[in-house]
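Coordinates in review
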Amino acid sequence: MKFTLSWLKDHLETEASLDEILYTLTDLGLEVEGVSNPADALKDFTLGFVKSAEKHPDADRLNVCQVETDEGMTQIICGAPNARAGITVVVAKPGVYVPGIDTTIGVGKIRGIESFGMMCSEREMELSDEHDGIIELPSGEVGQRFTDWLAEHRPATVDPVIEIAITPNRADALGVRGIARDLAARGLGRLIDRPVTPVPGTFPSPITVSIDDNTLDGCPLFTGRLIRGVTNGPSPKWLQDRLKAIGLRPISALVDVTNYFTFDLNRPLHVFDADKVQGNLRVHRAEGGETLQALDEKEYTFAPGMMVISDDTGPESIAGIMGGEPTGVTEETTNVFVESAFWDFIQIAMAGRALKINSDARYRFERGVDPDFTQPGLEAATAMILELCGGEPSEIVVAGAVPDHARAYRLDTDRVQSLVGMDIAPETQRATLTALGFRLDGDMAHVPGWRPDVQGEADLVEEVARMASLTGLQGKPLPRLPGVPKPVLTLEQKRLGIARRTTAALGYNECVTYSFIDQASAALFGGGTRETMLENPISSDMSHMRPALLPGLLQAAARNQARGFMDLALFECGPAFHGGEPGEQHNLVSGLLVGRTGPKDVHGAARPVDVYDVKADAEAVLAALGAPARVQILRGAQDWWHPGRHGKICLGPKKVLGVFGELHPRVLDAMDIKGPAMAFTIWPDEIPAPRKTGATRPALDLHDLQAVERDFAFVVDAGVEALTLVNAAQGADKALIADVRVFDEFIGGSLGEGKKSLAIAVRLQPTEKTLTDGDIEAVSKKIVDKVTKATGGELRG
């Protein structure tokens, strides 16, 4: 929304400076996006008087002028044909920047004679394209600032243009008067009363208007009148200047009046050339397939149900959005029909989007205009048309009625103070709402028609807070509760924080990816179903909820590899989704390693990442999360893992805490990842909650008895997994066996085809007495029996 300072002062009587107005607008929620102040570029120019002008001795077209300035007599050489003695001119002294020629004036010599400044033309000062000579002013004092002279004699040339951002709920601020009302309510001036005087009609309108019954919900009120005998020429300079300042092109007096009221009072209007209207006007819904050449010279086809304004021959206007070319006014127009109607904002928005038309009328109607001002807006426009174009008005034609929007909400002054957190006197609150146009009846505040956004008591609180300015809000500490406060974070939140810190400490870089991914990537990880598909995705690449975190990490890795970063360690903590209903989501911690463990070095220490890197990292994260130390490593994870190079970290066959391993080459190829990629995924919510929730640490468990370690080598079939052997040995005596690990594997030799030897070290930790040889032999026999039964192997001799 753009407007000029002088335009604002037509509605607001104020002595506030431009900076005060700009600050206040932003503080009120009407954020200032830009200010164009022409006076800033001209502030250093002053007026001078040419005392004498003599021909340059070495140049026929140059004059050596003696100019009286505020610094005394100054010699300036000028080549303008109208440079002569006795005129008042605009002087740029040395050091002044001239915007039209992008030059800073300095002292120079022209054909051997010094010149101490410049006398300027209008084009050199970017006031107009006039450059046939220097500026000659009819008045002015020597030394007077040129901007002051312009403000007095040509104010439009130095009128600041202000642009503010309008939030969708503040439709009233789409008119200059609405902005002035806010500033006046803040106390920055007085809102100037501008009553609308009805213009009596002198004859019945030959054009009538009707609204179809099925269209009354979209157009509850339509008013109009015919004005005959108008002269549609150029609009006056003041009107053209205002429209040009906000970026609109003046067209003709009739059109410019409608544009002026759109921005001045937030009242969109339309004018028909009455001589081109065949019969009467009818507001109805399109059957579908009708076409209209609009004022933007484009042809539009109406869909069934769209609102149109038609005469006896067919559509003549896109209701509430844009008029039609066939009945548009021209310089030859002598009889005009002026329309002022109220349209349903939802239906206007739907039609505008379907037709892809952006117009000032649509922009306002789809946000909401004042229905009560429909007919007064027509009266005000009639008065201006008669003033600018002459003519004779008809009686007003009215179809429908003003919709009932009356509503009132209770103003609880005590509640306002508690919600806002500021001490605002009750009488101040009431005065604020009154200044904003609300009518107070006891504690009930009746909402004005130009505020469709006020829909409850909370909106009254917001209005009082806006006017009081939240910059005056003082921070106050919350009252301290007695005793030790209860923890705020849940166990799940604490675990995600611990996982995030631990994984980052392992050297991974955290990623935060979208929860939405494309269908193809989701399908690679068990998703991409209709249950997780979005109804209204923001793009085709974000059509489904992610079933895992790895797709986002792989996409991030692919983007990095495409830019030359081949060695990556990425992780993410967040939710993944296994359905589309509330609660059908689970927290995950996923890490991804791609490339080598480090940069190349002279010692050759860097190597490609492998499964054991991610296994160690997954175990470190699980340990930090409080997972049990004794777990099982099983096969059988999802098909996006390499079938022979992965493991599930489990507490049992059905209790999976995490998965680690190499990702399937098929997945890497589909995600455009170069080289093997290792990854892990942990389900933090599957880790059993600690039995003790207190902050006290358990006592340190130290053993004062000597541990014993024994080695065993078993010959088993080549297909037997080492984990099976380890788990069997571990279960031989859970109380005494502290640790079992594989330290050697041998294949071939005298073992024969299809056999291998696995050597394990078993650590025995007594807790009650020192182990005797008999105790050790008994445990060793249990271990051999357990392993033999579980693997079918035998102790190697």
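Placed above this text is the structure.
Bear in mind the structure is a predicted one, so any value in this text is a computation, not a measurement.

1. A few points about the overall build of the protein chain
Each helix and strand in the protein chain was counted, giving 20 helices and 42 strands. Its C-alpha atoms give the protein chain a radius of gyration of 42 Å, clearly above 28 Å, the size a compact globule of 797 residues would have. Taking the principal axes of the C-alpha coordinates as reference, the protein chain spans close to 125 × 85 × 60 Å. Out of the 797 residues belonging to the protein chain, those deemed buried represent 48%.

2. Quick look at the environment of Ile 682
With respect to the helices, strands and loops of the structure, Ile 682 is situated in strand 38 (residues 677–682). We classify Ile 682 as buried; its relative accessible area is 0%. Expressed as a C-alpha distance, the spacing of Ile 682 and Thr 262, which sit 420 residues apart in the sequence, is 60 Å. Leaving out residues up to four positions away in the same chain, Ile 682 has contacts with Asn 587, Leu 588, Val 589, Ala 618, Val 621, Leu 622, Leu 625, Leu 657 and Gly 658.

3. As for the packing of helix 14 (residues 491–505) against helix 17 (residues 611–624)
Closest axis-to-axis distance for the helix 14/helix 17 pair is 9 Å, and the angle between their directions is 140°. Relative to helix 17, the crossing made by helix 14 is right-handed. Where helix 14 abuts helix 17, its residues Ile 498, Ala 499, Thr 502 and Thr 503 lie against Ala 620, Val 621 and Ala 624. Taken together, the residues of the contact of helix 14 with helix 17 break down into five nonpolar, two polar and no charged.

4. Looking at the pattern of salt bridges
As a working rule, side chains carrying opposite charge can pair if their charged atoms are close by. In this structure the tally under the stated criterion is 39 salt bridges. With a shortest N-O distance of 2.5 Å, Asp 10 and Arg 242 are connected by a salt bridge. Separated by 232 residues along the polypeptide, Asp 10 in the loop between helix 1 (5–9) and strand 2 (12–13) and Arg 242 in helix 6 (residues 237–245) bring together distant segments of the chain. What makes Asp 10 partly exposed here is its relative accessible area of 31%. Since its relative accessible area comes to 12%, Arg 242 is described here as buried.

5. Things to note about the sheet that holds strand 12 (residues 118–119)
Pairing is antiparallel across the open sheet formed by five strands, whose spatial order is 6-5-4-7-12. Looking along the sheet, the strands with just one partner apiece sit at the ends: strand 6 (72–78) and strand 12.

6. Some thoughts on the nonpolar core
Phe 3, Leu 8, Leu 25, Ile 164, Ile 179, Leu 183 and Phe 261 are the most contacted members of the largest nonpolar core, which has 69 residues in total. Top contributing element to this core by residue count: helix 7 (residues 253–264), with seven residues. Discounting residues that sit within four places of it in the chain, Leu 25 has contacts with Phe 3, Leu 30, Glu 31, Val 32, Ile 162, Ile 164, Ile 179 and Leu 183.

7. Description of the side chain of Ser 252
With respect to the helices and strands, the residue Ser 252 is situated in the loop between helix 6 and helix 7. Discounting chain neighbours no more than four positions away, the residues touching Ser 252 are Asn 232, Gly 233 and Ser 235.

8. Some words on a nonpolar patch on the surface
Taken together, the side chains of Phe 345, Ile 346 and Met 350 make up a nonpolar region of the molecular surface, amounting to roughly 320 Å² of accessible area. With relative accessibility at 45%, the residue Ile 346 sits in the partly exposed group.

9. Regarding the sheet that holds strand 28 (residues 439–441)
Spatial ordering of the open sheet is given by 27-29-28, a layout of three strands whose pairing is antiparallel. The strands lining the two open edges of the sheet, one partner per strand, are strand 27 (408–410) and strand 28. On average, each strand axis in the sheet is tilted by 30° relative to the strand beside it, whichever way the strands run. One ladder, built from three bridges, connects strand 28 with strand 29 (residues 444–446); its direction is antiparallel. Bridge pairing in strand 29 links Leu 440 to Ala 445.

10. Some points on the pairing of strand 39 (residues 708–717)
The pairing of strand 39 with strand 41 (residues 755–764) spans ten bridges and is classified as antiparallel. By the bridge assignment for strand 41, Asp 711 is matched with Ala 761. Strand direction decides the pairing type here: strand 39 and strand 42 (residues 794–795), joined by two bridges, are antiparallel. Looking at strand 42, one finds that Phe 714 is bridged to Leu 795.

11. Here's the deal with a positive patch on the surface
A contiguous patch of positive charge on the surface is contributed by Arg 630, Lys 734, Lys 786 and Lys 789. The residue Arg 630 is located in the loop between helix 17 and strand 35 (632–634) in this model. In this structure Arg 630 comes out as partly exposed when scored by relative accessible area, which is 49%.

12. Some words on the packing of aromatic side chains
Taken as a whole and judged by the stated rule, the model has nine aromatic pairs. Their ring planes at 90° and their centres at 5.7 Å tell us that Trp 238 and Tyr 260 sit as a pair that is edge-to-face. With a gap of 22 residues between them, Trp 238 in helix 6 and Tyr 260 in helix 7 connect regions that are remote in the sequence. Both rings, one in Phe 525 and one in Trp 640, keep their centres 5.4 Å apart while their planes meet at 50°; by these two values the pair is tilted. Here Trp 640 lies in the loop between strand 35 and strand 36 (641–652) and Phe 525 lies in the loop between helix 15 (519–524) and strand 32 (544–545), a separation of 115 residues in the sequence. Accessibility classification places Phe 525 together with Trp 640 in one group, the buried group. What links up through ring pairs into an aromatic cluster is the set Trp 7, Trp 238, Tyr 260 and Phe 261. Its guanidinium or amino end placed over the ring of Trp 450, Arg 181 lies 4.0 Å from that ring's centre, counting from NZ or CZ.

13. Quick notes on unusual backbone geometry
Despite not being glycine, Asn 266 has its phi angle at roughly 55°, a positive value. Topologically, Asn 266 is positioned in the loop between helix 7 and strand 17 (270–273). Residue classification places Asn 266 among the buried positions, given a relative accessible area of 9%.

14. Side note on helix 6
Within the span of helix 6, buried status applies to Leu 239, Arg 242 and Leu 243. Projected down its long axis, helix 6 carries its buried residues within an arc of 95°, all on one side. Counted as exposed and oriented over 90 degrees from the buried face of helix 6: Lys 237 and Lys 244. Check the buried side of helix 6 and you find it contacts helix 1, helix 7 and helix 10 (374–389). Backbone geometry just after helix 6 places Gly 247 at a positive phi near 90°.

Cut-offs applied
- Residues numbered from 1 in each chain as written.
- Predicted model: local features only at pLDDT ≥ 70, side-chain atom pairs only at ≥ 80, totals over all residues.
- Heavy atoms only, no water.
- Helix = DSSP H or I, 4+ residues; strand = E, 2+ residues; numbered from the N terminus.
- Rg over C-alpha atoms; globule rule 2.2 N^0.38 Å.
- Buried < 20%, exposed > 50% of the residue type's maximum accessible area, 1.4 Å probe, protein only.
- Contact = heavy atoms within 4.5 Å.
- Axes fitted to C-alpha atoms, helices over the stretch in contact; angles between N-to-C directions.
- Left-handed = near helix turned anticlockwise from the far one by under 90°.
- Nonpolar A, V, L, I, M, F, W, Y, C, P; charged D, E, K, R; others polar.
- Salt bridge = Lys/Arg side-chain N within 4 Å of Asp/Glu carboxyl O.
- Pairing = 2+ DSSP bridges.
- Core = buried A, V, L, I, M, F, W, Y, C linked by side-chain atoms within 4.5 Å.
- Patch = residues over 30% accessible without salt bridge, like charges linked within 9 Å, V, L, I, M, F, W, Y side chains within 5 Å.
- Areas by Shrake-Rupley, 256 points an atom, 1.4 Å probe, with all protein chains shown as cover.
- Lys, Arg positive; Asp, Glu negative; His and termini not counted.
- Charge placed at Lys NZ, Arg CZ, Asp CG, Glu CD.
- Phe/Tyr/Trp six-rings, centres within 6.5 Å; stacked < 30°, edge-to-face > 60°.
- Lys NZ or Arg CZ within 6 Å of the ring centre and 35° of its normal.
- Arc of directions from axis to C-beta.

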